[in-house]
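Understanding the architecture of this molecule
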Amino acid sequence: ISTDTNYTNIIWSLDPNPSGITLRTLPIQNIVTGSGSPIQTSTVLSVAQYMTKGLKTFKLIAKDGSQSQQPQIGFITINLNVAFSPSLSLTKIKELTLSQNGVINVTNTGNELLPTVTLSRSAGNAVVSFTPSSITNLAPGDSKEVNISAVDLTALRFGSNTITVTATSGATQASTSF
């Protein structure tokens with residue numbers, strides 16, 4: 001931005017406007033730069049939770065909003081590297097008891113497709129089965145309900161009996177207990 005001109009209304013935008021990235025509008029500013037002194041300003045870019053990994057390149061453009069044509073007065077190129085962030089969560093929807101099947105919700109909370117999510121009982125005395133037994137191609141932000149049924153209760157002990165259910169995809173895991 002030229003420092004030998006007075007600007008009273010700077011409008012900010014992104015070009016190209018990348019999917020999943022939003023610009024928080026800055027307040028209208030009365031910026032006087034005619035003194036030749038540099039100015040400082042800031043903005044906030046928000047990145048969508050499930051944005052795919054990779055380098056995103058775009059420009060933050062400043063336009064003179066005080067003129068009807070809103071000419072561009074400056075820009076900065078931004079290179080944003082979105083990291084690979086696989087993540088899973090398990091939410092118990094319905095408790096597993098002696099008289100009813102349990103239900104869990106498996107959610108891909110990361111930013112990459114999970115090709116296969118397997119379910120297992122990682123702790124506890126009861127033998128259980130899962131329907132479905134695995135989930136394929138769980139996209140970022142997607143969820144799938146899984147039914148859990150008790151198959152063999154002969155190993156249960158008197159008192160409280162807890163099982164831990166684990167969902168695994170590669171090195172990513174999440175667990176919940178019943």
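Let me sum up the structure you'll find in this document. (Residues numbered from 1 in each chain as written. Predicted model: local features only at pLDDT ≥ 70, side-chain atom pairs only at ≥ 80, totals over all residues. Heavy atoms only, no water.)

**Focus: the pattern of salt bridges**
Evaluation of the coordinates by the stated rule reveals 1 salt bridge. With its nearest N and O atoms 3.2 Å apart, the salt bridge here joins E95 to K92. By relative accessible area, K92 is classed as partly exposed at 34%. (Salt bridge = Lys/Arg side-chain N within 4 Å of Asp/Glu carboxyl O. Buried < 20%, exposed > 50% of the residue type's maximum accessible area, 1.4 Å probe, protein only.)

**Some words on the sheet that holds strand β12 (residues 134-138)**
Spatial ordering of the open sheet is given by β12-β10-β14-β15, a layout of 4 strands whose pairing is antiparallel. Looking at which strands have only one partner, the edges of the open sheet turn out to be β12 and β15 (172-177). Averaged over all neighbouring strand pairs, the angle between strand axes comes to 25°, with direction disregarded. As paired elements, strand β10 (residues 114-123) and β12 share 4 bridges and run antiparallel to each other. Looking at the pairing, L114 lines up with L138 of β12. (Pairing = 2+ DSSP bridges. Helix = DSSP H or I, 4+ residues; strand = E, 2+ residues; numbered from the N terminus. Axes fitted to C-alpha atoms, helices over the stretch in contact; angles between N-to-C directions.)

**Focus on unusual backbone geometry**
Omega for the peptide link from D15 to P16 comes to -10°, which places this bond in the cis form. Within the secondary structure, P16 sits in the loop between β2 (10-15) and β3 (21-24). Here the bond from T131 into P132 is cis, since omega is -5°, no more than 30 degrees from zero. Tracing the backbone shows P132 in the loop between β11 (127-131) and β12. Non-glycine residue Q70 carries a positive phi angle of around 45°. When you line up the elements, Q70 lands in the loop between β6 (54-64) and β7 (72-82). For Q70, a relative accessible area of 33% puts it in the partly exposed group.

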